[in-house]
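# Observations on chain architecture
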Amino acid sequence: MRVVVLGAAAGGGVPQWNCGCEVCRAAFADPTLARTQASVAVSADGRHWFLINASPDLRQQIVATPQLHPKAGALRHSPIAGVILTNGEVDAVAGLLSMREGSPFAIYAHAKVLAILKVNSIFNVLDEKLVPRRSIEIGRPFEPMLPDATPSGLDVVAFAVPSKGAWYLEGRPHPGGEAADGDTLGLTITDKATGQSVHVLTACARVTDDLKARLAGAPLLLFDGTVWRDDELIAAGLGRKTGQAMGHIAMSGEDGAIAALDGLGIAQKLFVHINNSNPALLCDSAERRAAETAGWQIPADGTEVTL
């Protein structure tokens, strides 16, 4: 199985278009520090790929990723066979609008997220005859199919993650109803031929005992790295919400991701969905050194892992 981090940043990317914080200033000056908004590509065979979320930067990510280019000699073609959505946030779904040029693929999402797409007519640019929307259930494994209806070779299990729904729905009726689970999912994706798995959690508010048990011994984990400290945006003058209020666990601290996921025997640990406020993005920062010392990677866009 091959896994490519198409984008490692949180919503807005790095640098954010209107931000003059330390990280964004550094990224404006040094493009090697830039990150596009979080999305991941997974393939069992290296020829057919499934995206985990479709970021607003998807077109740019495809251009930068040869694995996702149309095959030579084809007038219309894409190796992207489907998109699996883990939530309904703008930075997870807006890239779907860049996939409206008539190539077949499937959208997989929980019914609550599909309901969000349904009530927003702009997503009707994706003809459901070519781009079917398929509901996935928490805890029920499924194999995403290729456009010609042949098996992909991947087994996917979605699981509920402590977090919260899309911020633009706060205080408004949810199109998918008020049931607790479904707005935010983690995914376990397994190569059926090799048994190797990757866990992808782009949003997570806390690490529960059940989650620890699920992740223990994993070959590869891509985990929510939005903020370094819970009050980061407030302290920097960039916002009024804590990480917890936004549905994201901090990297650091006694209850942070680094401490909570330590000692679980996870072979490779990568932070994704990293906010522009997070000093761990800076190569020479104490926060970057602390994360790397604890066995975590801060990936650049285009980082590929083969399992």
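The preceding data block contains the structure.
Residues numbered from 1 in each chain as written. Predicted model: local features only at pLDDT ≥ 70, side-chain atom pairs only at ≥ 80, totals over all residues. Heavy atoms only, no water.

## Description of the layout of surface pockets
- Taken as a whole, the largest pocket spans an internal volume of roughly 890 Å³.
- Counting residues per element, the lining of the largest pocket draws most heavily on helix α3 (residues 90-93), which supplies three residues.
- Taken together, the residues of the lining of the largest pocket break down into 14 nonpolar, 17 polar and six charged.
- Here the second largest pocket defines a volume of roughly 460 Å³.
- Along the walls of the second largest pocket sit 18 residues, with Ile62, Ser78, Ser98, Glu101 and Ser103 positioned nearest its centre.
- No other element matches helix α2 (residues 58-63), which puts three residues into the lining of the second largest pocket. (1 Å grid on protein atoms, 1.4 Å probe; cavity = no way out; pocket = protein on both sides within 12 Å on 5 of 7 lines; lining within 4 Å. Points joined across faces, edges and corners; volume = space filled by probe spheres on them. Helix = DSSP H or I, 4+ residues; strand = E, 2+ residues; numbered from the N terminus. Nonpolar A, V, L, I, M, F, W, Y, C, P; charged D, E, K, R; others polar.)

## Notes on the nonpolar core
- Within the largest apolar cluster, 35 residues are counted, with the highest numbers of intra-cluster contacts made by Phe223, Leu261 and Phe271.
- At the level of elements, α1 (22-29), α5 (209-215), β10 (220-224) and α7 (257-260) are the ones that each hand at least two residues to this core.
- Non-local contacts of Phe223, meaning those with residues more than four positions away in its chain, are made with Leu201, Cys204, Val207, Leu211, Ile249, Ala257, Leu261, Leu270, Phe271, Val272 and Trp296.
- Listed in part, the 28 residues of the second largest apolar core include Phe50, Ile52, Ala81 and Val198. (Core = buried A, V, L, I, M, F, W, Y, C linked by side-chain atoms within 4.5 Å. Buried < 20%, exposed > 50% of the residue type's maximum accessible area, 1.4 Å probe, protein only. Contact = heavy atoms within 4.5 Å.)

## Some points on the pattern of salt bridges
- Summed over the entire model, instances satisfying the criterion amount to ten salt bridges.
- Between Lys192 and Glu143 there is a salt bridge, with its nearest N and O atoms 3.0 Å apart. With a gap of 49 residues between them, Lys192 in the loop between β8 (185-191) and β9 (197-201) and Glu143 in the loop between β6 (133-135) and β7 (154-160) connect regions that are remote in the sequence.
- A salt bridge links Glu170 to Lys241; the nearest nitrogen and oxygen atoms lie 3.3 Å apart. With Glu170 in the loop between β7 and β8 and Lys241 in the loop between α6 (232-235) and α7, the pair connects residues that are 71 residues apart, well separated along the chain.
- According to the relative accessible area criterion, Lys241 is partly exposed, its value standing at 35%. (Salt bridge = Lys/Arg side-chain N within 4 Å of Asp/Glu carboxyl O.)

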